[in-house]
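The lines below spell out each chain.
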Amino acid sequence: MAMRSFNGIVIRPGLVIGEARLLKTQNWVIRRHHIIQDELEAEQNSLNAALARIRAEMEQQLQAFKGADSDREILESHLLILDDPEMLGQIRADITDKLLSAAAAVEENFQRVRDHFTALEDPYFAQRASDFKDVQHRLLHELTGSSAQIPQDWQPGQIAVLEEAEPSLVNKLAQMGVEAYCAEHGSYTSHASILSRSLKLTALASLPNIFQTVNNGDTLILDALQGKAILNPDADTLNLYQDLLKKYQHSQETACQEAELPTQTQNGQRIKLRLNLDLNTELEAVKQGNPDGVGLYRTEFLYLGQETLPDEESQFQVYRRIAERYAPHSVTIRTFDLGGDKISHLIPSAPEENPYLGLRGIRFSLAHQQLFETQIRAALRASAFGRVKLMLPMVADLKDFLAAREIVHACMDQLAAQGLAFDPDIPLGVMIEIPSAALCSEELAVHCDFMSIGTNDLVQYTLAADRNHSGLTAYYTSHHPAVLKLMQTTLMAGEKQGKAVSICGEMASQAEYLPLLIGMGFKELSVAPASWLNCKAIIRRCDEDLFKIVKKADLNSLSAIENLVFERLKPYYNL
Ligand code: PEP
Ligand code: MG
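No experiment lies behind these values; they were computed from the predicted model shown.

Chemist: Provide a residue-level description of empty space enclosed by the protein, including the pertinent values.
Modeler: Applying the stated criterion across every chain yields a total of four cavities of 30 Å³ or more. Considering only enclosed or pocket space, the largest cavity measures out at about 90 Å³ in volume. Together, Arg274, Gly295, Thr332, Lys389, Met391, Phe450, Met451, Ser452, Ala500, Ser502, Glu524 and Ser526 line the largest cavity. Secondary structure elements with two or more residues in the lining of the largest cavity: strand E12 (387–392), strand E14 (450–453), strand E15 (500–503) and strand E16 (524–527). Here the element with the most residues in the lining of the largest cavity is E14; it accounts for three residues. A breakdown of the residues in the lining of the largest cavity according to their chemical character gives four nonpolar, five polar and three charged. The calculated volume of the second largest cavity comes to roughly 40 Å³.

Next up, the structure:
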């Protein structure tokens with residue numbers, strides 16, 4: 001079959017070349033929907049036996065689980081679903097009263113609950129729905145006697161191709177020594193994806209039609225560095241990737257060896273290299289090396305996909321935990337960046353025609369002052385337990401900053417009156433992610449304590465190219481001269497006022513951009529945990545020459561920048 005390429009999302013980065021092996025997760029058939037009265041007892045018994053077998057298997061899997069403790073809870077929640085008395089009561093009643101077969105009763109009742117969760121159109125309940133689906137599938141496999149999900153003759157080096165990963169399947173894959181999988185559906189934040197990262201599986205998801213297209217035995221390249229799967233590569237592509245794989249393995253080894261060495265360039269420029277974290281990723285953050293704290297702690301996940309609004313106390317506990325974990329380094333708590341594509345069902349808000357140009361980030365917080373105050377108070381209280389900085393997203397200009405600062409000061413007064421401890425000198429910074437903020441950065445730098453460039457949004461707003469639009473990647477050009485000018489303007493404004501300027505957008509995590517950014521003079525970066533070691537190794541390659549090359553380069557022309565980044569600076573990021 002001819003070579004084909006599929007674009008998707010990286011669940012956990014890596015590069016793997018192997019043989020495709022399709023794994024059908026829904027290969028049961030419910031042959032009998034109804035039973036006769038005489039079969040009632042046998043049917044209830046077979047349900048009990050299936051429950052007991054799955055319970056034993058789940059317990060064994062929990063014992064053997066090698067991922068993070070926090071992720072173990074995902075599998076523990078499946079045990080609770082399996083034992084849910086209401087669900088089991090209804091299934092048993094349907095067998096007895098409606099004479100449904102056990103499989104049909106399981107199918108019907110689980111589906112009802114899943115449909116209910118799905119209809120709520122909320123990420124939290126979508127997650128619940130997929131956990132129920134996982135347990136439902138396990139029960140149906142047992143009850144219909146369909147084949148085990150993973151064949152016993154699995155060979156090392158085979159890559160699993162799935163319709164969609166499920167937590168229990170991911171766990172089994174890891175236990176069987178499978179190194180990588182790709183899936184037609186799935187999202188970065190699903191429980192299956194969280195477990196994949198915890199269990200160190202290289203994985204790609206959301207690859208349209210891959211499951212229908214792949215045949216067992218096909219050669220498959222999982223380029224989970226660039227979010228691509230390549231099926232049946234031609235000889236040139238295969239050679240190219242075999243070379244890349246060697247280099248990648250070498251760079252991983254180098255990065256690991258250098259993990260504990262200082263994060264500085266050859267000519268002695270110390271670079272602060274921090275982490276971008278959120279509730280989902282904080283526990284899988286780098287174990288090696290010594291990150292200079294957290295440069296971006298995304299907090300909106302406290303609101304997204306939750307059942308209730310997080311109160312001050314629960315937020316305080318989260319912020320305190322992360323502040324203590326990274327002390328004496330700083331943790332930059334970014335206030336909620338709700339709005340845009342991050343909508344919480346907990347806060348009623350009017351539909352917007354252009355959500356990305358609407359009530360987003362700091363605008364949303366200023367419009368929901370009580371919510372904002374609760375968060376600020378919680379973050380301030382956490383500042384007594386480590387080095388906390390506060391950062392405001394989507395600031396358009398100084399008035400946004402001043403309005404927010406007034407609220408921060410009011411919260412400080414409240415806490416002081418209550419005798420609650422906080423850091424009165426807590427730094428208050430802004431994200432530069434709207435072109436107006438970059439263009440007004442000089443004025444902002446006078447008043448704020450630090451600035452951090454969010455290139456993900458800055459690129460989208462500068463070039464009017466939706467960051468999530470897969471058809472617009474040719475327009476979404478992070479190295480565009482317009483973007484670089486805004487970044488440079490911000491850097492210069494910070495330097496003039498003696499205020500730190502960092503970059504916390506994805507651009508800083510992308511190897512090919514790192515030498516350019518270092519050469520431009522950025523000394524503080526915050527990157528995704530999975531890229532941290534590699535970024536450090538690249539920084540350690542940067543030298544005097546690099547600074548000279550970038551200084552002389554023409555950053556006004558896209559083609560000159562492309563030549564610079566993708567040709568001349570290549571030796572610095574090709575480890
Ligand atoms: C950014 O916009 O670059 C950024 C870091 O914020 P987010 O990706 O959360 O919008
Ligand atoms: Mg942003």
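Chemist: Before we move on, could you go through the domain arrangement of the protein chain and cite the residues and values that matter?
Modeler: Each domain of the protein chain was delimited in the assignment, giving domain 1 (4–24 + 149–250), domain 2 (37–144) and domain 3 (258–461 + 504–573). Using only C-alpha atoms to locate each centre, domain 2 and domain 3 end up separated by 41 Å.

Chemist: Any chance you could break down the pattern of salt bridges for me, citing the residues and the numbers?
Modeler: Counted according to the given criterion, the structure contains 26 salt bridges. Lysine 172 is the partner of glutamate 57 in a salt bridge, and the nearest nitrogen-oxygen pair spans 4.0 Å. Here the residue glutamate 57 occupies a position in helix H1 (residues 40–64), and lysine 172 occupies one in helix H6 (residues 167–175), the gap between them amounting to 115 residues. Residue classification places glutamate 57 among the partly exposed residues on the basis of a relative accessible area of 28%. Taking the shortest distance from any N to any O, the salt bridge between lysine 133 and glutamate 164 comes out at 3.2 Å. You can see lysine 133 sitting in helix H5 (residues 123–144) and its partner glutamate 164 sitting in the loop between strand E4 (158–162) and H6, a full 31 residues away along the chain.

Chemist: Explain the coordination of the magnesium ion (ligand 2) to me, using residue names and the numbers behind them.
Modeler: In an ideal tetrahedron of four donors about a metal, each angle is 109.5 degrees. In an ideal octahedron of six donors, the angles are 90 or 180 degrees. Around the magnesium ion (ligand 2), the protein contributes the donor atoms Glu433 (OE) and Asp457 (OD), which lie 2.0 to 2.2 Å from the metal centre. With glutamate 433 in the loop between strand E13 (428–432) and helix H14 (435–439) and aspartate 457 in helix H16 (residues 455–463), this pair connects stretches of sequence that are 24 residues apart. Aspartate 457 shares its class with glutamate 433; the two are buried.

Chemist: Can you lay out unusual backbone geometry for me, pointing to particular residues and giving the numbers?
Modeler: Outside of glycine, negative phi angles account for most residues, and trans bonds account for most peptide bonds. Note the cis peptide between alanine 327 and proline 328, where omega equals 10 degrees. Tracing the sequence through the fold places proline 328 in the loop between helix H10 (312–326) and strand E11 (330–334). In this structure, serine 206 takes a positive phi of about 60 degrees despite not being glycine. Its location among the elements puts serine 206 in the loop between strand E6 (202–205) and helix H8 (210–213). Here serine 206 falls in the partly exposed class, since its relative accessible area comes to 31%.

Chemist: Tell me about the site of ligand 1, and please be specific about residues and values.
Modeler: Taken together, 15 residues surround ligand 1, and among them Arg298, Arg334, Gly454, Asn456 and Arg467 come closest. Contact distances for ligand 1 include 2.7 Å between an oxygen atom and a side-chain N or O atom of arginine 298. One nitrogen or oxygen atom from the main chain of glycine 454 is found 3.3 Å from an oxygen atom belonging to ligand 1. Those elements giving two or more residues to the shell around ligand 1 turn out to be strand E10 (294–298) and H16. Tallying contributions element by element places H16 first for the shell around ligand 1, with three residues. Taken together, the residues of the shell around ligand 1 sort by class into three nonpolar, four polar and eight charged.

Chemist: Outline the nonpolar core, listing residues and values.
Modeler: Core analysis: the biggest nonpolar cluster contains 99 residues, and Tyr319, Met487, Phe522 and Leu525 have the highest contact counts within it. If one sorts the elements of this core by residue count, helix H13 (residues 398–418) sits on top with eight residues. In this structure methionine 487 touches Ile453, Thr455, Leu458, Ile503, Met507, Leu517, Met520 and Phe522, once residues within four positions along its chain are discounted. In this structure, Ala103, Phe110, Phe132 and Leu195 belong to the second largest nonpolar core, which totals 56 residues.

Chemist: Could you give an account of the environment of threonine 202, with specific residues and numbers?
Modeler: Tracing the backbone through its elements, the reader meets threonine 202 in strand E6. Look past the residues within four positions of threonine 202 in its chain and what remains in contact with it is Arg12, Pro13, Gly14, Leu15, Val16, Glu179, Ala180, Tyr181, Leu222 and Ala224.

Chemist: Requested: an account of helix H21 (residues 558–568), with residues and values cited.
Modeler: When H21 is considered as a whole, its buried residues turn out to be Ile561, Leu564 and Val565. End-on, the buried residues of H21 take up no more than an arc of 85 degrees, which puts them together on one face. Considering only its buried residues, H21 is in contact with helix H17 (481–497), helix H18 (514–520), helix H20 (544–552) and helix H22 (570–573).

Chemist: Now, about the sheet that holds E14: what can you tell me, with residues and values included?
Modeler: Pairing is parallel around the closed barrel formed by eight strands, whose spatial order is E9-E10-E11-E12-E13-E14-E15-E16. Strand-to-strand twist across the sheet, computed as the mean angle between neighbouring axes with direction ignored, equals 30 degrees. Here E14 runs beside E15; their pairing, made up of four bridges, is parallel. Each residue of the ladder has a partner; that of serine 452, found in E15, is serine 502. Against the sheet, helix H12 (residues 369–382) touches E11 and E12, its axis set at about 155 degrees to E12. Sheet strands touched by H17: E13, E14 and E15. Its angle to E14, the strand with the most contacts, is close to 165 degrees.

Reading the values: rules and limits
Residues numbered from 1 in each chain as written. Chains lettered and ligands numbered in written order. Predicted model: local features only at pLDDT ≥ 70, side-chain atom pairs only at ≥ 80, totals over all residues. Heavy atoms only, no water. 1 Å grid on protein atoms, 1.4 Å probe; cavity = no way out; pocket = protein on both sides within 12 Å on 5 of 7 lines; lining within 4 Å. Points joined across faces, edges and corners; volume = space filled by probe spheres on them. Helix = DSSP H or I, 4+ residues; strand = E, 2+ residues; numbered from the N terminus. Nonpolar A, V, L, I, M, F, W, Y, C, P; charged D, E, K, R; others polar. Domains from an automatic or database assignment. Salt bridge = Lys/Arg side-chain N within 4 Å of Asp/Glu carboxyl O. Buried < 20%, exposed > 50% of the residue type's maximum accessible area, 1.4 Å probe, protein only. Donors = N, O, S within 2.8 Å, 3.2 Å for Na, K, Ca; no water. Near = heavy atom within 4 Å. Polar contact = N/O pair within 3.5 Å; in protein donor to acceptor, adjacent residues only side chain to side chain. Core = buried A, V, L, I, M, F, W, Y, C linked by side-chain atoms within 4.5 Å. Contact = heavy atoms within 4.5 Å. Arc of directions from axis to C-beta. Pairing = 2+ DSSP bridges. Axes fitted to C-alpha atoms, helices over the stretch in contact; angles between N-to-C directions.

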